[in-house]
Amino acid sequence: MKAIGKIKKYLSLSIIATFLVLSLAGCGNSDPKSGGSSSNNTTSSDSGKELRTIHVGYMTGQPDQYAGYIGTKQGIFEKYGIKIESSEYAAGINTVDAIATGTADIGLLADFAAVNRIGNTLDATNLVIFSELALVEANNGGLYVAPEFANDLKSLDGSKGWITQIGTVSEYYNWQSQTYIGIDPDKQNIVQTDSNQTSLALAQQGNASAAIATGANGRRFEEQGWVLAVSNKDLGIKTGTYLVTTREFLETNNDLVADYIRALDESIKYISANKDASAVELEAKFGVLKDDFIISWDSYNFEVGFTEEGATHLEQVGKWAFEHGKYSKEYDIRKFIDTSAAEKAVPNQVTYNK
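Per chain, the residues get numbers from 1 upward, laid out in the order the sequence is written. Residue-level local features of this predicted model are given only where pLDDT is at least 70; pairs of side-chain atoms are given and counted only at 80 or more, and the full residue set underlies all totals for whole chains, interfaces and linings. Working from all heavy atoms in the structure, the side-chain values ignore hydrogens and water.

### Some words on the environment of Glu283
- In this description a helix means any DSSP run of H or I spanning at least four residues, a strand means any run of E spanning at least two, and both kinds are numbered starting from the N terminus. By secondary structure assignment, the location of Glu283 is in helix H11 (residues 275-286).
- Residues Glu283 and Phe293, spaced 10 residues apart in sequence, show a C-alpha to C-alpha distance of 8.3 Å.
- Contacts are assigned to residue pairs with any non-hydrogen atoms lying within 4.5 Å of each other. In contact with Glu283, other than residues within four places in its own chain, are Val288, Leu289 and Lys290.

### Examining the pairing of strand E9 (residues 210-213)
- Residues Ala210 and Ile212 point to one face of E9 and Ala211 and Ala213 to the other, with burial holding for every one of them.
- Here, any two strands with at least 2 DSSP bridges between them count as paired. As judged from the 4 bridges shared by strand E6 (residues 142-145) and E9, these two strands associate in the antiparallel manner. Along E9, the bridge assignment pairs Gly142 with Ala213. Partly exposed residues are those whose accessible area sits between 20% and 50% of the maximum for their type, while under 20% is buried and over 50% is exposed, using a 1.4 Å probe and protein chains only.

### Some thoughts on the environment of Glu343
- In this structure, Glu343 sits in helix H14 (residues 340-345).
- As for Glu343 and Ser131, which are separated by 212 residues in sequence, their C-alpha atoms are 9.6 Å apart.
- Sequence-distant contacts of Glu343, that is, excluding residues within four places in its chain, are made with Val350 and Lys354.
- Side chain to side chain, Glu343 and Thr339 meet in a polar contact 2.5 Å long. The term polar contact refers here to a pair of N or O atoms within 3.5 Å; inside protein, the definition further demands a hydrogen-donor-capable atom paired with an acceptor-capable atom, and it admits residues adjacent in sequence only when both atoms are side-chain atoms.

### Focus: helix H13 (residues 308-323)
- In this analysis, the expected span of each helix is defined as 1.5 Å times one less than the number of residues it contains. When the terminal C-alpha atoms of H13 are compared, their 23 Å separation across 16 residues agrees well with the 22 Å that a helix rising 1.5 Å per residue should span.
- When we look at burial in H13, the residues that qualify are Gly310, Ala311, His313, Leu314, Val317, Gly318, Trp320 and Ala321.

### Some thoughts on the packing of helix H4 (residues 111-120) against H13
- With their axes 9 Å apart at the nearest point, H4 and H13 run at an angle of 60° to one another. The orientation of H4 relative to H13 falls into the category oblique. Crossing angle aside, the handedness with which H4 passes H13 is right-handed. Contact residues: H4 offers Asp111, Phe112 and Val115, while H13 offers His313, Leu314, Val317, Gly318, Trp320 and Ala321.
- Across the contact of H4 with H13, the residue classes tally to 6 nonpolar, 2 polar and 1 charged. Only C-alpha atoms enter the line fits that serve as axes; for helices the fit covers just the stretch in contact. Angles between N-to-C directions range over 0 to 180 degrees. Throughout this description, any angle smaller than 35 degrees is read as roughly parallel, any larger than 145 degrees as roughly antiparallel, any in the 65 to 115 degree range as roughly perpendicular, and the remainder as oblique. Crossing handedness is read from the near helix: turned anticlockwise from the far helix by less than a right angle, it gives a left-handed crossing, and turned clockwise, a right-handed one. In this classification, the charged set is Asp, Glu, Lys and Arg, the nonpolar set is Ala, Val, Leu, Ile, Met, Phe, Trp, Tyr, Cys and Pro, and all remaining amino acids, among them Gly, are polar.

### Concerning the pattern of salt bridges
- One speaks of a salt bridge when a side-chain nitrogen belonging to Lys or Arg is within 4 Å of a carboxyl oxygen belonging to Asp or Glu. Counted according to the given criterion, the structure contains 17 salt bridges.
- Two residues, Glu266 and Lys79, come together in a salt bridge whose shortest N-O distance is 2.7 Å. One end of the pair, Glu266, is in helix H10 (residues 254-273); the other, Lys79, is in helix H2 (residues 76-79), with 187 residues separating them in the sequence.
- Looking at Lys79, the relative accessible area reads 45%, which means it is partly exposed.
- For the salt bridge of Lys354 with Glu343, the shortest nitrogen-to-oxygen distance reads 2.9 Å.

### Side note on the confidence of the model for the chain
- Confidence scores labelled pLDDT are given residue by residue by the predictor and lie between 0 and 100. Residues with a pLDDT of 70 or more make up 88% of the chain, whose mean pLDDT is 87.
- Here residues 1-39 is modelled with pLDDT under 50, and outside its nearest four sequence neighbours on either side it reaches 128 contacts, counting other chains as well.

### A short note on the packing of aromatic side chains
- Here a pair means two rings of Phe, Tyr or Trp (six-membered ring of Trp) with centres within 6.5 Å. Their orientation is stacked below 30 degrees between planes, edge-to-face above 60, and tilted elsewhere. Taken as a whole and judged by the stated rule, the model has 19 aromatic pairs.
- Three or more aromatic residues joined by ring pairs make a cluster, and in this case those are Tyr66, Tyr69, Phe286, Phe293, Trp297, Tyr300 and Phe302.

### Some details on the packing of helix H1 (residues 63-73) against H11
- Packing of H1 against H11 leaves a shortest axis separation of 11 Å and a crossing angle of 110°. Judged by the inter-axis angle, H1 sits roughly perpendicular to H11. Judged by residue contacts, Gln65, Tyr66, Tyr69, Ile70 and Lys73 of H1 engage Ser278, Glu281, Leu282, Lys285 and Phe286 from H11.
- When its residues are assigned to classes, the contact of H1 with H11 shows 5 nonpolar, 2 polar and 3 charged.

### A short note on the nonpolar core
- With 97 residues, the main nonpolar core has Ile129 and Tyr260 as its most contacted residues.
- Ranked by residues supplied to this core, first place goes to H10 with 9 residues. Residue types Ala, Val, Leu, Ile, Met, Phe, Trp, Tyr and Cys, when buried and joined through side-chain atoms within 4.5 Å, form a set referred to as a nonpolar core.

### Notes on H4
- Within H4, 9 of the 10 residues are buried, which leaves it mostly tucked inside the rest of the structure.
- Taken together, the buried positions of H4 are occupied by Asp111, Phe112, Ala113, Ala114, Val115, Asn116, Arg117, Ile118 and Gly119.

### A few points about the side chain of Asp259
- Note on placement: Asp259 falls in helix H10.
- Among all residues touching Asp259, those that are not within four sequence positions of it are Arg52, Tyr80 and Ile82.

### Regarding the environment of Ala263
- Looking at the element boundaries, Ala263 is found in helix H10.
- Spatially, the C-alpha atom of Ala263 lies 7.4 Å from that of Gly71, the residues being 192 residues apart in sequence.

Next up, the structure:
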């Protein structure tokens, strides 16, 4: 249906998502000042070692979920005295809600989801970003287009539509792509999607013209006959993923969070050194195809700790979000970064300038 004013077309789709695109939803207008769930509970491992429990909110198919599973199986988290209890969520909004209400202690958010949630709950939020997970300078994928647009990208202007998840960083990526091509982002048709499967169905049915995709998702578009028109590198697209908790939980459990960072870092490095074996285990556990996992894993540049580049990236995404009306008050994202646990855990991997 067409909106009045600047013409945009939103197709409402109800196909159930099995997982979201790399960039994760992050809207929300309430953020109770919960202190997070209690992780003072201890238990004993089979070997008799005392373990502290930490409640992790995982988003389906994200690398911290895979690292948590493989790291637990390899005894890495036990080595650091940690037992993970986890809940799984479809999107960033669900994860951050769990953290804010105390159902989860920590979780992963993408850049846009983090700045958007904080910006929309600025006067009430107690969220804090305590580590990067990865800052992906996307080394594969990019702008995929239907074949008829491959040799004339400007003809995308006013075309059937750009596949987008409203309220997520995909809006930002499309804006970057449209600006790169030289067409007016405010005059483009938007096709709202809720999952990778829905996006691919739109491509197959000829109901969309362009989409940003990476990793295995990009390969799926190519299977539908779409063409990689501009690489993510040329578009300047990056995706940052960050670990989030509440201020109260971080202050009360700083050593536990530091040990979690150490264990997560070691688990990620283990997977990277043993990708084939890890992929087999992950396929058996989660159903992710081995080749798809390896392609997606290789698209990440893992940065557990906190870099100045990661903070600057959050500022850039936040500036765009404010200027495009995603929240009403500009704020300093650095006031919501706390690297105290990361400095204990991986001091050589913290280059953030406070």
